[in-house]
Amino acid sequence: MWPQVILFGDSLIQRSFGDGQWGSALADKLVRRCDVLCRGFGGYNSTWCNIILPQLITKETAYSVAIVTIFLGTNDSVFEGYVQHVPIDKFKLNLKEMIQYLNSVGIVNKKIVIISPPAVNEPAWNSECKKNLGHGKNKSNELTAKYAEVCCTLGRELSVTVVDLFNIMSREQNWEQFLLPDGIHLSIAGSKLLEKHLFAVIEEKIQHIKKKYPLWNEVSAANPESSMVE
């Protein structure tokens, strides 16, 4: 089995292989080096993902894992009273338990990358909620920032790499361009921004993994079998 990069999380992962999105861009850059797998579950929070993780990555399959990304917090950080809400202390505990589980099946911390939730375009999300969910906005940038900080804090505590998308976005002028009109999901520009920062992290971690098999013009015409030994 080829090395795997597993993208795990909520709809920001589930949508990552859409047209112009960051998951497909990663897969393209890692072609013939790693298989990039999408394990995204729209609407899920960290509690629900904590339950299903052992079903997705087992002790028997963990040997092939080169990288696991954990991209959660967007749903956890909805306001208290909504079904997806997870209190911030529980959010941190869930992330920690997921990392501990990965450790228990042989995936060390240097193979794990946490991605913090993106910033929220509150007016756009308010319109989206009223249009499709029957209520006003149930998220705020202020609260989401606290969940993003938890990702960073846990990363420091456990020596796990964090791509702090919230602050990467927030530092950019007109950062709203990085989100779709719904206010929470990534636009193509947002996907490019994430892919740029995430690929740099992944490449540093897997630079020892080279492309599989020679290029066509490197194959011995007289003895092709000799060129195909891995």
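Scroll up to find the structure this text is about.
Reading guide: rules and limits
Residues numbered from 1 in each chain as written. Predicted model: local features only at pLDDT ≥ 70, side-chain atom pairs only at ≥ 80, totals over all residues. Heavy atoms only, no water. Salt bridge = Lys/Arg side-chain N within 4 Å of Asp/Glu carboxyl O. Helix = DSSP H or I, 4+ residues; strand = E, 2+ residues; numbered from the N terminus. Buried < 20%, exposed > 50% of the residue type's maximum accessible area, 1.4 Å probe, protein only. Contact = heavy atoms within 4.5 Å. Patch = residues over 30% accessible without salt bridge, like charges linked within 9 Å, V, L, I, M, F, W, Y side chains within 5 Å. Areas by Shrake-Rupley, 256 points an atom, 1.4 Å probe, with all protein chains shown as cover. Pairing = 2+ DSSP bridges. Axes fitted to C-alpha atoms, helices over the stretch in contact; angles between N-to-C directions.

Undergrad: What is the right way to read the pattern of salt bridges from this model?
TA: If charged atoms from side chains of opposite charge come close, those side chains can pair. Tallied over the full model, the rule gives 5 salt bridges. With a shortest N-O distance of 3.0 Å, glutamate 157 and lysine 92 are connected by a salt bridge. In this pair, glutamate 157 sits in helix H6 (residues 141-158) while lysine 92 sits in helix H4 (residues 88-104), placing the two residues 65 residues apart along the sequence. Glutamate 157 sits in the partly exposed class, given a relative accessible area of 49%. Overall, the relative accessible area of 25% leaves lysine 92 in the partly exposed class.

Undergrad: Mind showing me how you'd approach the side chain of asparagine 109 here?
TA: Within the secondary structure, asparagine 109 is located in the loop between H4 and strand S4 (112-115). Using a relative accessible area of 19% as the deciding quantity, one classes asparagine 109 as buried. Residue contacts for asparagine 109: discarding those within four places in its chain leaves Ile99, Asn103, Leu158, Ser159 and Val160.

Undergrad: Could you clarify how one ought to interpret a nonpolar patch on the surface in this entry?
TA: Together, Trp2, Tyr213 and Met228 give the surface a local cluster of nonpolar side chains, amounting to about 280 Å² of exposed area. Here tryptophan 2 is to be found in the segment before strand S1 (4-9). Among the residues examined, tryptophan 2 registers a relative accessible area of 33% and is labelled partly exposed.

Undergrad: How should the sheet that holds strand S3 (residues 65-71) be read in this particular structure?
TA: Sheet strands pair via backbone hydrogen bonds, and the direction of the pair is either parallel or antiparallel. The strand order across the open sheet formed by 5 strands is S2-S1-S3-S4-S5, and the pairing between neighbours is parallel. A single partner strand is all that each edge strand has here, and the edge strands are strand S2 (35-40) and strand S5 (161-163). The sheet shows a mean angle of 20° between the axes of neighbouring strands, taken without regard to direction. Here 4 bridges tie S3 to S4, and the two strands are oriented parallel to one another. When the bridges of S4 are listed, phenylalanine 71 appears paired with isoleucine 115.

Undergrad: Hey, could you run me through the environment of histidine 135 in this one?
TA: Here histidine 135 is to be found in the loop between helix H5 (122-132) and H6. Take histidine 135: its relative accessible area is 23%, and that puts it in the partly exposed class. Between the C-alpha atoms of histidine 135 and lysine 210, which are 75 residues apart in sequence, the distance is 50 Å.

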